[in-house]
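What the coordinates show
Each chain, written out:
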Amino acid sequence: QVQLVESGGGLVQAGGSLRLSCAASGRTFSSLAMGWFRQAPGKEREFVAGITGGGGTTDYADSVKGRFTISRDNAKNTVYLQMNSLKPEDTAAYYCAARFGALLRAHSRSADFGSWGQGTQVTVSS
């Protein structure tokens, strides 16, 4: 099991930026595909972005494409989510997730990932 710890959430005005970080335990980070998901109150958890172990392939939900960027630093066992041009509808708890191997599909599903962080809250005010 991989331990994941997110950080970087907070309150920001619409149009602003935040960068989320997710630090992973263990020595096999480069073998992990990583994902970011989010869940707003009363809504289901939804896919935001995914990245393969080597970082060569990324995937984004249509709602964040062009505004969010997922990246990783395998030397630091960390994956990032740079969020620009934030909108009030981006308000949610954001979760980092990991799975050994490749991303299974475009627009990953929650069930594709076996390890999850505790989440970090992002609130975008209008």
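Look a little higher up for the structure.
Now for a description of the structure that goes with this document. Note that this is a predicted model, so its numbers are computed, not measured. (Residues numbered from 1 in each chain as written. Predicted model: local features only at pLDDT ≥ 70, side-chain atom pairs only at ≥ 80, totals over all residues. Heavy atoms only, no water.)

Quick word on the packing of aromatic side chains
The condition is simple: Classification of ring pairs rests on two measures: the distance between centres of Phe, Tyr or Trp rings, Trp counted by its six-membered ring, which must be within 6.5 Å, and the angle between planes, read as stacked under 30 degrees, edge-to-face over 60 and tilted in between. A run of DSSP states H or I qualifies as a helix once it reaches four residues; a run of E qualifies as a strand once it reaches two. Both are numbered from the N-terminal end.
In total, this model carries 4 aromatic pairs according to the counting rule given. Seen in terms of ring centroids, F37 and F47 are 5.8 Å apart; in terms of plane orientation they differ by 75°. Their pairing is edge-to-face. Here the residue F37 occupies a position in strand 4 (residues 32–39), and F47 occupies one in strand 5 (residues 46–51), the gap between them amounting to 10 residues. Their ring planes at 70° and their centres at 6.4 Å tell us that F113 and W116 sit as a pair that is edge-to-face.

Considering the sheet that holds strand 7 (residues 68–73)
Definition in use: Only when DSSP finds a minimum of two bridges between them are two strands counted as paired. All axes are obtained by fitting lines to C-alpha atoms, using only the stretch in contact for helices, and the reported angles, taken between N-to-C directions, cover 0 to 180 degrees.
Strand order in the open sheet formed by 4 strands is 1-3-8-7, and the pairing between neighbours is antiparallel. Each edge of the sheet is formed by a strand with only one pairing partner; in this case those strands are strand 1 (4–7) and strand 7. Strand-to-strand twist of the sheet, defined as the mean angle between neighbouring strand axes without regard to direction, takes the value 15°. Two elements, strand 7 and strand 8 (residues 78–83), share 6 bridges in a ladder whose sense is antiparallel. Note that in strand 8 the partner of S71 across the bridge is Y80.

Focus on the state of the cysteines
Note the threshold: When two cysteine sulfur atoms are found within 2.5 Å, that pair is recorded as a disulfide. Here's how the labels work: a residue is buried when its accessible area is under 20% of the maximum for its type, exposed when over 50%, partly exposed in between, all with a 1.4 Å probe on protein chains only.
Overall, the coordinates contain 1 disulfide when judged by the stated rule. Covalent S-S linkage joins C22 and C96, the inter-sulfur distance amounting to 2.1 Å. Judged by the torsion about the S-S bond (-80°), the C22/C96 disulfide is left-handed. One end of the pair, C22, is in strand 3 (residues 18–24); the other, C96, is in strand 9 (residues 92–100), and 74 residues separate them in sequence. Neither residue differs from the other here; C22 and C96 are each classed as buried.

Points about the side chain of S115
Selection criterion: What qualifies as a polar contact is a pair of N or O atoms within 3.5 Å, subject to a donor-acceptor requirement within protein and to the restriction that residues adjacent in sequence count only when both atoms come from side chains. Residue contacts are counted whenever heavy atoms from the two residues lie within 4.5 Å of one another.
Within the secondary structure layout, S115 lies in strand 10 (residues 115–116). For S115, a relative accessible area of 7% corresponds to the buried category. Among the polar contacts listed, one links the side chain of S115 to the backbone nitrogen of V2, at a separation of 3.4 Å. Setting aside anything within four residues of it in sequence, one finds S115 in contact with Q1, V2, L4, C96, A97 and A98.

Looking at the pattern of salt bridges
Where side chains of opposite charge bring their charged atoms close, a pairing between them can arise. The cut-off we apply is this: Here, a salt bridge means any Lys or Arg side-chain nitrogen found within 4 Å of an Asp or Glu carboxyl oxygen.
Taken as a whole, this structure holds 5 salt bridges when the rule is applied. When the shortest N-O distance is used, the salt bridge between D62 and K65 registers 3.6 Å. This pair shows no difference in class: D62 is exposed, exactly as K65 is. For D90, the salt bridge is made with R67, and the minimal N-O distance between the two is 2.7 Å. Here D90 is found in the loop between strand 8 and strand 9, whereas its partner R67 is found in the loop between strand 6 (58–60) and strand 7, with 23 residues between them in sequence. Ionic contacts of the salt-bridge type, sharing partners, join the residues R38, E46, R67 and D90 into one network.

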